[in-house]
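For reference, the chains in residue letters:
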Amino acid sequence: MASEAPVGVFDSGVGGISVLREIQARLPNESLLYVADSGFVPYGEKSPEFIRARSRAITEFLLDQGCKALVVACNTATAAAVAELRGTWPELPIVGMEPAVKPAASATRSGAVGVLATTGTLKSAKFAALLDRFAHDVRVVTQPCPGLVECVESGALQSEETRALLQGYVAPLLEAGCDTLILGCTHYPFLKPLLRQLVPESVSLIDTGEAVARQLHRLLAARDLLAAGPAAPARFHTSGDPEALRRVLPVLWPHAARLEALPVELGAA
Ligand code: DGL
């Protein structure tokens, strides 16, 4: 039955697993198929054309695997590629994601909101449009965070190096009076415990994983595609080093998992 088909989820690497966790919590009957494009991480410093080509190839793979819906669990790939994916596969339910500017603008009391995201997301036309739409009455301070994605990819969620990098990125936002920080990259929610040690308790940390899971729920329900379950263990494919994924996965995904190879034509060069 179509409703028992898996939901396909992808990211430039393991960051989208933070979104996968929200999907699993909200939709436990769904079988999940995840592609980590870790052979090409980080997307944040790559061209939109490159990201579109990878997004197309990965979506084709997920459709070949019989996926009934797609979640682009990556802010950078959403900004560069979701419009094209929707144009190419108009029948496919597709959920993308963007930094949580709207909820942050209504949550801030200081009137200043900080956005931690990749260079690619912050430079995108989609992000500019988001600010135009929702950030009229607040001051938005943006902070690109090169290097953080690599820390999460290697599982260094609490290391001294990660702490120093994060501290350097957060300090200017706190100095600018931000009381609300948007985690605008799906890798960053894994750094929340560390981030909580670096910012005052009064500062809110906002990400979009839960909203994405809710939107997926809505799209599947509207098309009568919700699975009755039971779900198969989540399947993970990587274009990077499978051993690296095997090592880091238990830290990021506390559920059953199967690791499988990606077809060579999708693998890292
Ligand atoms: N996790 C991705 C995002 O949400 C991109 C990280 C990267 O590869 O630069 O933006």
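Residues numbered from 1 in each chain as written. Predicted model: local features only at pLDDT ≥ 70, side-chain atom pairs only at ≥ 80, totals over all residues. Heavy atoms only, no water.

S.K.: What is the right way to read the pattern of salt bridges from this model?
M.R.: One side chain can pair with another of opposite charge once the charged atoms of both are near each other. Throughout the structure, instances matching the rule amount to 13 salt bridges. The closest approach of N and O atoms between R54 and D37, which form a salt bridge, is 2.8 Å. Placement of the pair is R54 in helix α2 (residues 48–64) and D37 in the loop between β2 (32–36) and α2, with a sequence separation of 17 residues. The buried category is assigned to D37, whose relative accessible area is 0%. For K192, the salt bridge is made with D207, and the minimal N-O distance between the two is 3.1 Å. One end of the pair, K192, is in helix α9 (residues 192–198); the other, D207, is in the loop between β8 (204–206) and α10 (209–222), with 15 residues separating them in the sequence. Taking the relative accessible area as the measure of exposure, K192 reaches 28% and is therefore partly exposed. Residues joined by salt bridges that share partners form a network here, namely E49, R52, R56 and E84. (Salt bridge = Lys/Arg side-chain N within 4 Å of Asp/Glu carboxyl O. Helix = DSSP H or I, 4+ residues; strand = E, 2+ residues; numbered from the N terminus. Buried < 20%, exposed > 50% of the residue type's maximum accessible area, 1.4 Å probe, protein only.)

S.K.: Mind showing me how you'd approach the site of the ligand here?
M.R.: By nearness alone, 14 residues border the ligand, and S12, Y43, G44, N75 and T76 come closest of all. Taking N75, its main chain carries an N or O atom lying 2.8 Å from an oxygen atom of the ligand. H187 is positioned with one of its side-chain polar atoms (N or O) 2.8 Å from a nitrogen atom of the ligand. For the ligand, whose accessible area on its own is 290 Å², the fraction buried by protein is 99%. Among the detected pockets, the ligand sits in the second largest cavity. Classifying every residue of the shell around the ligand by side-chain character gives six nonpolar, seven polar and one charged. (Near = heavy atom within 4 Å. Polar contact = N/O pair within 3.5 Å; in protein donor to acceptor, adjacent residues only side chain to side chain. Areas by Shrake-Rupley, 256 points an atom, 1.4 Å probe, with all protein chains shown as cover. 1 Å grid on protein atoms, 1.4 Å probe; cavity = no way out; pocket = protein on both sides within 12 Å on 5 of 7 lines; lining within 4 Å. Sits in = over half its atoms within 2 Å of the grid points. Nonpolar A, V, L, I, M, F, W, Y, C, P; charged D, E, K, R; others polar.)

S.K.: In this structure, what is going on with the nonpolar core? I would like to understand it.
M.R.: Among soluble globular proteins, nonpolar side chains are generally buried collectively. The biggest cluster of nonpolar side chains holds 54 residues, and the ones touching the most others in it are I17, I23, V71, L116, L216 and F236. A per-element tally of this core places α10 first, with five residues. Not counting residues up to four positions away in its chain, the partners in contact with I23 are V9, P28, L32, V71, A213 and L216. If you look at the next biggest cluster of nonpolar residues, it comprises 22 residues, including I58, C74, I94 and L262. (Core = buried A, V, L, I, M, F, W, Y, C linked by side-chain atoms within 4.5 Å. Contact = heavy atoms within 4.5 Å.)

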